[in-house]
Structure formats: C-alpha cells, structure tokens
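Coordinate analysis (summary)
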Amino acid sequence: MATGLIEQKRRYRQYKARTKQLPANYHTAIDALERYMQFFGPGKADSLLSMLEDLADLFEQSAANGTSIREVVGQDPVEFAEAFLRNYPEGQWISRERERLTNAIDRVTGDDA
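What counts and what doesn't
Residues numbered from 1 in each chain as written. Predicted model: local features only at pLDDT ≥ 70, side-chain atom pairs only at ≥ 80, totals over all residues. Heavy atoms only, no water. Patch = residues over 30% accessible without salt bridge, like charges linked within 9 Å, V, L, I, M, F, W, Y side chains within 5 Å. Areas by Shrake-Rupley, 256 points an atom, 1.4 Å probe, with all protein chains shown as cover. Salt bridge = Lys/Arg side-chain N within 4 Å of Asp/Glu carboxyl O. Helix = DSSP H or I, 4+ residues; strand = E, 2+ residues; numbered from the N terminus. Core = buried A, V, L, I, M, F, W, Y, C linked by side-chain atoms within 4.5 Å. Buried < 20%, exposed > 50% of the residue type's maximum accessible area, 1.4 Å probe, protein only. Contact = heavy atoms within 4.5 Å. Phe/Tyr/Trp six-rings, centres within 6.5 Å; stacked < 30°, edge-to-face > 60°.

**Looking at a nonpolar patch on the surface**
Nonpolar side chains collect at one region of the surface, where L101, I105 and V108 lie side by side and expose about 320 Å² of accessible area between them. With respect to the element layout, I105 can be found in helix α6 (residues 93-109).

**Description of the nonpolar core**
Membership of the largest hydrophobic core comes to 21 residues, with the highest contact counts inside it found for L33, M37, M51, L55 and F59. Counting residues per element, the ones that place at least two in this core are α2 (24-40), α3 (45-65), α4 (69-73) and α5 (77-85). Those residues in contact with M37 that lie beyond four places of it in its chain are L48, M51, L55, A81, F84 and L85.

**Let's talk about the packing of aromatic side chains**
Going through the model one piece at a time under the given rule, you end up with four aromatic pairs. Residues Y26 and F59 carry aromatic rings whose centres are separated by 6.3 Å and whose planes lie at 85° to one another, so their mutual orientation is edge-to-face. Taken as a pair, Y26 in helix α2 and F59 in helix α3 lie far apart in primary sequence, 33 residues in all. The same class applies to Y26 as to F59, namely buried. Following the ring pairs from residue to residue traces out a cluster consisting of F80, F84 and Y88.

The structure is reproduced here in structure tokens:
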C-alpha cells in the first residue's frame with residue numbers, strides 16, 4: 001500500500017515537472033484542464049495519473065509542433081475536456097452514479113435480467 005502511494009506521488013511530481021517545462025501559455029492551459037479533470041475525472045489514482053500523463057504528452061507534442069492551444073482544445077474547452085475524459089471512464093464517480101441510477105430503475109421496473 002505504502003509503495004503504491006510513493007509511486008503515485010513520484011508519477012505526479014514527474015507530471016508536474018513536465019508541465020512546468022511547457023511554454024507559459026501551454027502551462028496555464030494544462031493547469032486549467034487538470035483542475036477540471038480532477039473534479040470530473042477518474043477517482044482512482046492510477047487512472048487519474050495515466051490521464052494526466054497522456055494530457056502532458058499531448059501538450060508537449062503540441063508545443064513542440066507549434067500547434068496552438070486553440071487547435072488542441074478547439075473553441076469549447078469543456079467539450080474537449082469531456083471528450084478527453086471519456087477515454088478514462090474507470091473510477092469516474094459520475095459513471096458509478098449513472099450505473100447506480102440505471103440499476104435502481106431496472107430493479108424497480110423488473111428489467112434487471
């Protein structure tokens with residue numbers, strides 16, 4: 001258990017170090033996306049860290065290629081974040097709550113085959 005926490009902290013520190021190396025505008029954008037995704041993203045640390053590492057990969061590549069932030073996230077940053085989050089459903093509280101709601105309704109309607 002302690003080993004897992006240490007590994008997670010190490011990965012998170014590495015992620016933060018990577019994002020600090022980005023140009024200032026990319027760093028600000030990824031910080032904003034990280035904040036949003038921590039609220040709505042995976043609840044499991046490993047899934048969250050994988051998601052953040054993939055986000056860092058995307059922004060590092062975009063900065064290296066000269067791709068503008070707007071080209072990365074589009075005109076609607078929330079839509080981008082939601083689409084990105086859909087790739088990491090494991091442990092999302094909203095996914096669990098959606099499943100719980102569906103199961104409850106299925107049980108009371110007799111549809112729980």
